Amino acid sequence: MTTRREFVAMLLGAPFAYACRGPERATPTGTLLEPGMARAHAAIRDGVVPVPATWREVGVAIIGGGVAGLAAAWELRRRGVTDAIVFELDDVTGGTARGGASIVTPYPWGAHYIVAPQAEQTELTALLGEMGAIEGHTGDGTPVVDEALRCREPEERVWHLGRWWEGLYLDAGANAEDHAHLTAFRREVDRWSGWRDGQGRRAFSIPRSRGSDDPEVTALDRISFATWLDQRKLTSPRLRWLADYACRDDYALTAATTSAWAGLFYFAARQRGPGIAAQTVITWPNGNGALVAQLAKSATIEHGLAAVDITDAGAIIAVGPQGPIGIRARSVIVATPSFVANRIVASRRGTSLGTADYGAWVVANVHLRERPIERGHGAPPAWDNVFRDSPSLGYVCATHQRGRDRGPTVWTWYYPFSDADPTAVRKRLAGAGHGEWAETVVTDLERAHPDVRRLVDHIDVAFWGHGMIRPRVGATCSPERIARLAPHGRVHFAHTDLSGLALFEEAFDHGLRAAREVLA
Amino acid sequence: MFVVAICGLVYELLAGTLGSYLLGDSVTQFSLVIGLYLSAMGVGAWLSRRLDGNLARRFLEIELAVAVVGGVSAPVLFLSFGTVVHFQAVLLGFVAAIGVLVGLELPILMRLLEGQVEFKDLISRVLTFDYIGALAASLMFPLVLVPKLGLVRSSLAMGCANAGVALWGTWLLRERLGKSVVGMRIRAVLVLLGLATGVAMADYFTTWAEDEMYADPVVFTETTPYQRIVVTRGRAGFQLFLNGNLQFSSADEYRYHEALVHPAMAAADAPPKKVLILGGGDGLALREVLEHHEVEAVTLVDLDPAMTNLSKRFPPLAELNHHSFSDPRVTVINDDAMVWLDQHPGIWDTIIVDFPDPNTFALGKLYTRLFYKRVAAHLSPAGAAVVQATSPLFARKSYWCIVETMRAAGLSVHPYQVTVPAFGVWGYVLARRGSFDPPTKTPPLKLRFLNDEALVAMFDFPVDMKPVPVEINQLDNQALVRYYEREWRKWE
């Protein structure tokens, strides 16, 4: 918007004054973060295990301060264990669920929502209860989450053909066939949400450990989501876009590369039964950073130590700022990604248990001085704002949930590397500096917000090289995945990638399981 | 000649109109403007003796000067009203400048035609055109210019007409202009282009659509980051519109605001001392609250600083709200009420919730169960809150959705309604934290609308406004915005 002063300057015949307003096309400044990467690579890649001069004793050593590690610490504390210590390499905890904050608002750096818990998710409900986030329970025991956290309408909108449309599924212009395919797809999802195996377990459950391993379900892991849709002749481009978007959004894959098991999990697991609306999404301005902060409250955390060698007997050699140190633990919980566990746990080196595929992500926090002008009669600003024709996932508005709809804000922009080989991608990106990323972000936002560039204060970019485990065809129901769960002596494993899916609820569940194993 | 006469009078009418609209007190403004204008014309006529040399050139130069000063007068006045402290001085300065220039026109024109026409014909022709032109102007101004073009475009269009006359004059007077004809023409074209650009850019002040949309002339507009503020002025007083939606008409707003404020004040156990107003940036609810002398402190939270500043500084509005923003008991906070309530502690004896109707998601959040829970948390157990709740007749589901949502937030509620001619039947909800009976006694104030009988009658609902089953409005469903959209569409 032109201010009065600018307007008057223009009127006074001063195109000169207008031109002097500054470099309109300049790329915004900011910083590029690569969380944990440099230290991790320095500590682990050398391959030489140093000899520590001193040793210390620890009750339970938890390696990794992401959600799984913090959840393990939280569960141990709840069960009376007071001598657990979380060792986190990075300066901040939370892993890809961490949040950040500016003077304007807190904002996410990665995962930014969870699905409201169902009745059986008692631990997650307890965690939310600690946060004062549970209002009560419905008749069937389902917890009612605080209204302030239930994602505020409008939840999503999609940019297509020069305007915003309400929702994620593009309903405008859909023909009878599109509607028929959507209905047929919803019926399939309904069917799966009502499916129960011989033991009464659901086909898809959050977390998946409560779900069924019946062959009828696991067979879905052998084909791609796209193939599964093809088999049902669900070819509507609108539906296929939605399926692709879901896969890119949750898995950094496309429908063609995602396992049909994972594709259906996305839709069916958050539905309590046939005909029941999906569980509402709950979110905080700093995304899952709020959950991380609550988990971390009661935990003892030490930063800056990188574990490089762990024996099954519980002897850990770690490298810190003061050189190598030895830690003897009664129990160890390795709450790192499996590919890291495979390097640092002596008995897992050389096995193929950590060869799963990880997707790279770029998350950019766009700090805006003011909101861009909303043009025309399109759908109003939503929490999640998606560009239909962009390889990005769009952006989430950090101030939406609190209800601050004007003035400065932070938009969190997500870009999954869904199709390229991660190794090649990582190589290509090694050279990409902040400027290239910031320019990419602004150009992407300019699709829908032509005036956004001059409103940007700065853009901070995070590159998550191994951002999330990817549920490719055959990866989520493999015997290998089960084998990764098994403890090695005093060493237990906890990480979301053990589910083959990157979700807060999965990481949380593995943390709880590992804690229970330690106590058993 | 005719055009020149029309333009001259139109500028005067414009200045008078803007003055009376923006500053109020139309008799004073109009007589000031007319008096100054006529005397300035006298000054112009007197000064005309001193002008010599190429009279044709002088005449065209004056014509262009009138075009520029007159043409930009309304836009500049519009702009300066929001930013200049001594607006009256700017207004009268323009009137004087145009008056002097127009005063120069006739004598120079007569001298120009001297010798070509006999004196008796000359004086008769010139004055005839001038006086009949005045009639044409006085008819065109209210019938065509203001309703079709709006004030800003009218002024610029008249400037264009003046410049057009000057350009035409370069042909009529080309022999007497001599060498300067080309230069004169270029200047005329430049002025014409400049003013025409102005017409094209007049959307900055008021859009064509706005001038067409509002029944009365638009006298003030401002686009803030939050909303479009428009004030119109007509026979029945003035009206405030936010994003095209009528907020009040000065003719009958007392009904709306008395009904909003006094029942809530009367429903408290003791005379309220601390009052919180959420929304209500026009200061009219504030005016009613300040009538209660027991009130010690009022906090008013309104999103838009431009709105509260306008209410404090825009003379007709400040008069209407009895300069309530200058009362030492008042604290103004410009913030989103939802966020502010969440972040600031404090207990109030009375809370008055006066937001625009829930026609967007951004407004819809201010009608959610979550919002009312926050209101309840800031309300004294001995006090009452009131919510303006749209029309129970035009938007029945919307109204009852607000009532039920407040109930779901744990409040005890009594719905009531009143007729406000500018709006139709209007609904409110009175609430307390514990169960209570609606008040039956009006406070001992000099009120224009409310008395004990009217107060009691408001809590009755005729058959066509009785409760209907509705969903509760929550942050994650925004049921109310969808009801509201559907219901009001029928009436548009």
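Residues numbered from 1 in each chain as written. Chains lettered and ligands numbered in written order. Predicted model: local features only at pLDDT ≥ 70, side-chain atom pairs only at ≥ 80, totals over all residues.

Turning our attention to the overall build of chain B. Helix and strand counts for chain B come out as 18 helices and 11 strands. Counting only C-alpha atoms and orienting by the principal axes, one finds that chain B spans roughly 95 × 40 × 40 Å. Looking at the 492 residues of chain B, the share that counts as buried comes to 50%. At a minimum sequence separation of 6, the contacts of chain B that also span at least 24 residues come to 73%. (Helix = DSSP H or I, 4+ residues; strand = E, 2+ residues; numbered from the N terminus. Buried ≥ 20, exposed ≤ 12 C-beta atoms within 10 Å, placed from the backbone. Contact = placed C-beta atoms within 7 Å.)

Here we come to the overall build of chain A. Across its full length, chain A holds 16 helices and 21 strands. Residues classed as buried in chain A amount to 49% of the 520 residues present.

Here we take up the interface of chain B and chain A. Taken together, the contact between chain B and chain A spans 20 residues of the former and 18 residues of the latter. Class assignment for the residues of the side of chain B that touches chain A results in 10 nonpolar, six polar and four charged. (Nonpolar A, V, L, I, M, F, W, Y, C, P; charged D, E, K, R; others polar.)

So, about the confidence of the model for chain A. The pLDDT averaged across chain A works out to 89; a share of 90% of its residues lies at or above 70. Counting contacts from residues 1–21 of chain A, a segment whose pLDDT is below 50, to residues more than four positions away or on other chains yields nine contacts. (pLDDT = per-residue confidence, 0-100.)

What follows is about the sheet that holds strand β7 (residues 330–333) of chain B. Through backbone hydrogen bonds, the strands of a sheet pair up, either in parallel or in antiparallel fashion. Residue and element names in this part refer to chain B. If you trace the seven strands from one edge of the open sheet to the other, you get β7-β6-β5-β8-β9-β11-β10, paired in mixed fashion. The open sheet terminates on both sides in strands that have one partner only, identified here as β7 and β10 (412–420). Strand after strand, the sheet turns through a mean of 15 degrees between neighbouring axes, direction not considered. (Pairing = 2+ DSSP bridges. Axes fitted to C-alpha atoms, helices over the stretch in contact; angles between N-to-C directions.)

Quick look at the domain arrangement of chain B now. Each assigned domain of chain B is listed here: domain 1 (2–209) and domain 2 (250–489). For domain 1 of chain B versus domain 2 of chain B, the separation of C-alpha centres amounts to 49 Å. (Domains from an automatic or database assignment.)

Now for the nonpolar core. Within the largest apolar cluster, 233 residues are counted, with the highest numbers of intra-cluster contacts made by A:I62, A:A72, A:I333, A:V366, B:V386 and B:V429. Residues within four places of A:I333 in sequence aside, it is in contact with A:V60, A:I62, A:I63, A:G69, A:A72, A:H492, A:A494, A:A514 and A:V518. Judged by nonpolar contacts, the second largest core, of 59 residues, contains B:L13, B:L101, B:V152 and B:A163. (Core = buried A, V, L, I, M, F, W, Y, C linked by C-beta atoms within 7 Å.)

Turning our attention to the sheet that holds strand β10 (residues 163–166) of chain A. Residue and element names in this part refer to chain A. Taken together, eight strands build an open sheet; the order of strands is β1-β20-β16-β19-β18-β17-β9-β10 and the sheet is mixed. At either margin of the open sheet sits one strand with a lone partner, and together these are β1 (32–33) and β10. The pairing of strand β16 (residues 358–368) with strand β19 (residues 409–416) spans eight bridges and is classified as antiparallel. Counterpart to L368 in the pairing with β19 is T409. Each of β1, β16, β17 (384–387), β19 and β20 (456–469) is contacted by helix α14 (residues 434–446), which is oriented at about 105 degrees to β20, the strand it contacts most.

Helix length check: helix α16 (residues 504–519) of chain A (16 residues) gives 23 Å between terminal C-alpha atoms against 22 Å at 1.5 Å per residue, within 8%. Across the 16 residues that make up α16(A), a large majority, 13, are buried. (Expected span 1.5 Å × (residues − 1).)

Bringing the pairing of strand β3 (residues 237–242) of chain B into the picture now. Residue and element names in this part refer to chain B. Taken together, the six bridges between strand β2 (residues 228–234) and β3 define a ladder with antiparallel strand orientation. Pairing of G234 across the sheet is with G237, part of β3. Linking β2 back to β3 in an antiparallel pair, the connection comprises two residues. In terms of strand pairing, β3 meets strand β4 (residues 245–249) through four bridges, oriented antiparallel. Note that in β4 the partner of L240 across the bridge is F248.

This paragraph deals with the environment of B:M406. Residue and element names in this part refer to chain B. Along the chain, the position of M406 falls in helix α16 (residues 396–408). When the 29 C-beta atoms within 10 Å are taken as the criterion, M406 is described as buried. Between the C-alpha atom of M406 and that of F371, which follows or precedes it by 35 residues, the distance is 9.0 Å. Setting aside residues no more than four positions away along its own chain, M406 makes contact with Y372, V387, L411, V413, V429 and A431.

All names here are of chain A. Running from N to C, helix α9 (residues 237–251) and helix α10 (residues 260–268) cross one another at 90 degrees; their axes reach a closest spacing of 10 Å. The pairing of α9 with α10 is recorded here as roughly perpendicular in orientation. Residues A243, A246, C247, D250 and Y251 of α9 pack against A262, G263 and Y266 of α10. (Parallel < 35°, antiparallel > 145°, perpendicular 65-115°, else oblique.)

For B:K466, the location among the structural elements is in the loop between α17 (452–458) and α18 (479–489). Sequence separation of B:K466 and B:W400 is 66 residues, and the distance between their C-alpha atoms is 8.6 Å.

The next thing to look at is unusual backbone geometry. Residues and elements named next belong to chain A. Between E153 and P154 the backbone carries a cis peptide bond, its omega angle lying at -10 degrees. Looking at the secondary structure, you find P154 in the loop between β8 (143–145) and β9 (156–160). The amide bond that connects I206 to the next residue, P207, takes the cis arrangement and shows omega of -5 degrees. Structurally, the position occupied by P207 is in the loop between α6 (176–194) and α7 (215–218).

All names here are of chain A. Given a rise of 1.5 Å per residue, 15 residues ought to cover 21 Å, and the 20 Å separating the end C-alpha atoms of α9 matches this to within 8%. Within α9 the residues assigned to the buried category are R238, L239, L242, A243, C247, R248, D250 and Y251. The inward-facing, buried residues of α9 contact α6, α8 (225–231), α10 and β19.

Quick look at the packing of α16(B) against α18(B) now. Describing two packed helices takes the angle between their axes plus the distance from one axis to the other. Residue and element names in this part refer to chain B. Between α16 and α18, the shortest axis-to-axis distance is 8 Å and the interhelical angle comes to 160 degrees. As far as their axial angle goes, α18 and α16 are roughly antiparallel. The handedness of the crossing between α16 and α18 comes out as left-handed. Contacts between α16 and α18 pair K397, S398, C401 and I402 from the former with A479, L480, Y483, Y484 and E487 from the latter. For the contact of α16 with α18, the per-class residue count stands at six nonpolar, one polar and two charged. (Left-handed = near helix turned anticlockwise from the far one by under 90°.)

Structurally, B:F361 is set in helix α14 (residues 361–364). Setting aside its immediate chain neighbours within four residues, B:F361 contacts A:E153, A:P154, A:P380, B:Q478 and B:V481.

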